[in-house]
Amino acid sequence: MPPALALLLLAGLSARGGWGCLQCDRSVQEALSQLRVTVVPGRFHEEQLRARAQALLLGMEGPFFRDYALNAFVGKAEVDLLDHVASLIKNQVSNLKTNALKDRPLLEELVSLRENAIQELKKVLISYELKACDPESCHLLKDEVLDCLHCLKISPNCIKKKDCFVDRQHRVALQYEKMSENALIRALPGIIISIFLALLALGVIVVSAITYRENRKLLLQ
């Protein structure tokens, strides 16, 4: 990463109140980290459940939200809308820290926390893309939006129609029909071999049955 970009990133992460595509928001990361360090060790008695909870929270602290924003959408969002998502997550984390849930019920709540965060983040990402993809509403975008890849505030730009939503998302393989056709072509040799072997096995069974009957007749004569 270039030094100038690194300085900008650090400045953004240390800004009061925090901001970002969740993984860029220092306050969100700290809340998730505290939940993982202070709550998980004491409230999970089963090692397997504890490991799952640790992995879930570590993923949320890592590139999970960034990858979601980039793989499913264009990876840009309006900052003020993201602040709402960050506040929602921190409130849920506070509730989890103060309640008495343990083991599986607590793990279920952690899963719900991640699902809720995804759904709220999805709304923000869709909101930006809807505006940026529409020539009539593109000019209504805020002066600055957040680039989720670099955690930097940038000027918004209009998106070509062909690059919007499903049409641009070859990375996440949303072209279901094409995928099905390709998968069928790749699987065809295996299907043919399986059918041939099944017919061969059936032939062996039939021949064995006929031979057995003939031998039995000879023995009974």
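The shown structure was predicted, so the numbers you read here are calculated from the model rather than taken from an experiment.

**Section: the pattern of salt bridges**
Within the structure shown, the criterion is met by 6 salt bridges. Between Arg66 and Asp67 there is a salt bridge; the shortest N-O distance is 3.0 Å. In this structure Asp67 comes out as partly exposed when scored by relative accessible area, which is 30%. With a closest N to O distance of 3.1 Å, Glu78 and Lys131 form a salt bridge. Placement of Glu78 in strand E1 (residues 76–78) and of Lys131 in helix H6 (residues 103–133) is noted, with a sequence separation of 53 residues between them. Since its relative accessible area comes to 2%, Glu78 is described here as buried.

**Section: the environment of Glu30**
Locating Glu30 in the fold gives a position in helix H2 (residues 26–43). For the pair Glu30 and Lys90, spaced 60 residues apart in the sequence, the C-alpha separation amounts to 9.4 Å.

**Structural notes on the state of the cysteines**
For the structure on display, the rule yields 2 disulfides. Bridging Cys21 to Cys148, the disulfide has an S-S length of 1.6 Å. On the sign convention where negative means left-handed, the S-S torsion of about -45° between Cys21 and Cys148 marks this disulfide as left-handed. Placement of Cys21 in the loop between helix H1 (3–13) and H2 and of Cys148 in the loop between strand E2 (145–147) and strand E3 (152–154) is noted, with a sequence separation of 127 residues between them.

**Digging into the nonpolar core**
Of all hydrophobic cores here, the largest spans 37 residues; its most connected members are Leu35, Phe44, Ile89, Leu110 and Leu113. Sorting the residues of this core by element identifies H2, helix H3 (47–61), helix H4 (64–72), helix H5 (79–98) and H6 as the ones contributing at least two each. Examining the composition of this core, we find that 9 residues originate from one element, H6, more than from any other. With residues up to four places along the chain from it excluded, the contact list for Phe44 reads Leu49, Arg50, Ala53, Asp103, Leu106, Leu107 and Leu110. Judged by nonpolar contacts, the second largest core, of 9 residues, contains Val74, Cys133, Cys138 and Ile159.

**Remarks on the packing of H3 against H6**
Interaxial distance between H3 and H6 falls to 10 Å at its minimum, and their mutual angle equals 15°. As far as their axial angle goes, H6 and H3 are roughly parallel. Crossing angle aside, the handedness with which H3 passes H6 is left-handed. Residues Leu49, Arg52, Ala53, Leu56, Leu57 and Met60 of H3 form the contact with H6, whose participating residues are Asp103, Arg104, Leu107, Leu110, Val111, Leu113 and Arg114. Of the residues contributing to the contact of H3 with H6, the split by class is 9 nonpolar, no polar and 4 charged.

Analysis parameters
- Residues numbered from 1 in each chain as written.
- Predicted model: local features only at pLDDT ≥ 70, side-chain atom pairs only at ≥ 80, totals over all residues.
- Heavy atoms only, no water.
- Salt bridge = Lys/Arg side-chain N within 4 Å of Asp/Glu carboxyl O.
- Buried < 20%, exposed > 50% of the residue type's maximum accessible area, 1.4 Å probe, protein only.
- Helix = DSSP H or I, 4+ residues; strand = E, 2+ residues; numbered from the N terminus.
- Disulfide = S-S within 2.5 Å.
- Core = buried A, V, L, I, M, F, W, Y, C linked by side-chain atoms within 4.5 Å.
- Contact = heavy atoms within 4.5 Å.
- Axes fitted to C-alpha atoms, helices over the stretch in contact; angles between N-to-C directions.
- Parallel < 35°, antiparallel > 145°, perpendicular 65-115°, else oblique.
- Left-handed = near helix turned anticlockwise from the far one by under 90°.
- Nonpolar A, V, L, I, M, F, W, Y, C, P; charged D, E, K, R; others polar.

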